[in-house]
Amino acid sequence: MRDLTNEILELIRRTSSDLPKDVEERLRAAIEKEAPGSAARGALETIIKNVELSRKNSSPICQDTGTPIFYVHHPAGWSTLQLKKQIRAALAEATAKSYMRPNAVDAVYDKNTGNNLGGDDFPSIHFEEVEAEDLTIEVMLKGGGCENVGAQYSLPDNRIGAGRDLAGVRKAALDAVHKAQGQGCAPGILGIAIGGDRGSGYVKSKEVLLDKLGTRNPDPKLAELEEKLTAESNQMGIGPMGFGGKTTVIDTKITGLSRLPASYFVTISYMCWAYRRRKLTVKAGGEVLYD
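Residues numbered from 1 in each chain as written. Predicted model: local features only at pLDDT ≥ 70, side-chain atom pairs only at ≥ 80, totals over all residues. Heavy atoms only, no water.

## Let's talk about the overall build of the protein chain
For the protein chain, the count of helices and strands is eight helices and nine strands. Here the C-alpha atoms of the protein chain give a radius of gyration of 19 Å, agreeing with the 19 Å that 2.2 N^0.38 yields for 291 residues. A total of 291 residues make up the protein chain; the buried ones form 48% of that total. Across the protein chain, every contact between residues at least 6 apart in sequence was considered, and the portion connecting residues at least 24 apart equals 78%. Just so you have it, the protein chain exposes about 13,500 Å², and 49% of that area is on carbon and sulfur atoms. Considering the protein chain, the positive charge centre built from 38 side chains and the negative charge centre built from 38 side chains are found 4 Å apart. (Helix = DSSP H or I, 4+ residues; strand = E, 2+ residues; numbered from the N terminus. Rg over C-alpha atoms; globule rule 2.2 N^0.38 Å. Buried < 20%, exposed > 50% of the residue type's maximum accessible area, 1.4 Å probe, protein only. Contact = heavy atoms within 4.5 Å. Areas by Shrake-Rupley, 256 points an atom, 1.4 Å probe, with all protein chains shown as cover. Lys, Arg positive; Asp, Glu negative; His and termini not counted. Charge placed at Lys NZ, Arg CZ, Asp CG, Glu CD.)

Below is the structure:
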């Protein structure tokens, strides 16, 4: 089996230091929506300068280099055990090279491992065997600030007047955005899972964030709700980094899951402006592509 440690190391470097084009374009467009001289416009201009410097210097976009979450889709015959070893080796090397900060802290003993490896759970790695010839590895670096403002609602919820329908989903999502204020490092992106159980809701609400900005759910009802939530979030006046303004959310992604009749969960994963996600593809012939 091919050793992909160096290729995964490069994937991590790019993810940590080079913001994807679609995200940068949305942030640049948001600058023009904010008033000249405003705190909101100043925050966005500073963000763009930071994006440019990070790309130039191969340095982390944010001091919080986030929880590394890997999604591996592999053809039959690949060893997930070997892939896991290679991912962990690449992450340790990326930390030694300062592409990542040492973030793995034992929650019980409050000790940092120093190399970003924290047992079987850190980094988080999801494997799926697929009927394809190509191997793909996607990585998301999820910052702690935006992770802290993620939320899960069990509907009906009388506190916000949300019932078990898409109108209730809307109320839950907007409540989460309002509570996040500037702590989520806006402008943010919402990943929302409707249904599932508590665990699958959080997993899928993150997975949906891997889609490029502007792509809509094929279900017209969910696509309409995605657009509506982005627009209504931006009417709250929270703005970039909570300084006020017109840009609080730059996109919303929704996925629907099956659920038990007794449960109706709405899970919101908030992604900060440092929307770090990249993809590595190993073609059947051996060619390596980065996206």
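Still more ground to cover, so stick around.
## Topic: the pairing of strand E8 (residues 276-282)
Most of E8 sits inside the fold, with six of its seven residues counted as buried. Across three bridges, the pairing between E8 and strand E9 (residues 288-290) is antiparallel. Across the sheet, Val282 pairs through a bridge with Val288, a residue of E9. What sits between E8 and E9 in their antiparallel hairpin is a turn of five residues, with Gly286 showing a positive phi close to 110°. (Pairing = 2+ DSSP bridges.)

## Quick notes on the side chain of Glu226
With respect to the helices, strands and loops of the structure, Glu226 is situated in helix H8 (residues 220-233). On the basis of relative accessible area, Glu226 is assigned to the buried category, the value being 2%.

## Side note on the packing of aromatic side chains
By the definition in use, this model includes zero aromatic pairs. Here Arg14 stacks its cationic end above the ring of Tyr290, 4.2 Å away from the centre of that ring. The aromatic ring of Tyr275 is capped on one face by Arg277, whose charged end is 4.4 Å from the ring centroid. (Phe/Tyr/Trp six-rings, centres within 6.5 Å; stacked < 30°, edge-to-face > 60°. Lys NZ or Arg CZ within 6 Å of the ring centre and 35° of its normal.)

## Focus on the pattern of salt bridges
With the rule as written, the count across this model stands at 26 salt bridges. Salt-bridge contacts for Glu24 lead to Arg55; the nearest nitrogen and oxygen are separated by 2.7 Å. Taken together, the residues Glu24 in helix H2 (residues 21-31) and Arg55 in helix H3 (residues 39-57) connect sequence positions 31 residues apart. For the salt bridge of Lys84 with Asp120, the shortest nitrogen-to-oxygen distance reads 3.5 Å. Of this pair, Lys84 sits in helix H4 (residues 80-96) while Asp120 is found in the loop between H4 and strand E2 (124-129), placing the two residues 36 residues apart along the sequence. Given the relative accessible area of 67%, Asp120 is considered exposed. (Salt bridge = Lys/Arg side-chain N within 4 Å of Asp/Glu carboxyl O.)

## Quick notes on the environment of Lys228
Residue position: Lys228 is located in helix H8. Overall, Lys228 belongs to the partly exposed group, its relative accessible area being 41%. Once the C-alpha coordinates of Lys228 and Thr252 are considered, the two residues, 24 residues apart in sequence, prove to be 8.9 Å apart.

## Side note on the sheet that holds E2
In spatial order, the strands read E2-E1-E3-E8-E9; together these five strands make up an open sheet with mixed pairing. In this open sheet, the two edge strands, each paired with only one partner strand, are E2 and E9. Neighbouring strand axes in the sheet, compared pairwise and without regard to direction, differ in orientation by 15° on average. Along the sheet face, H4 touches strand E1 (67-74), E2 and strand E3 (135-142) and points at about 150° away from the line of E1. (Axes fitted to C-alpha atoms, helices over the stretch in contact; angles between N-to-C directions.)

## Things to note about unusual backbone geometry
Residue Pro123 is reached from Phe122 by a cis peptide bond, and omega for that bond is 10°. Here Pro123 is to be found in the loop between H4 and E2. That bond from Leu155 to Pro156 is cis: its omega, 5°, falls within 30 degrees of zero. Relative to the assigned elements, Pro156 resides in the loop between strand E4 (151-154) and helix H6 (166-180).

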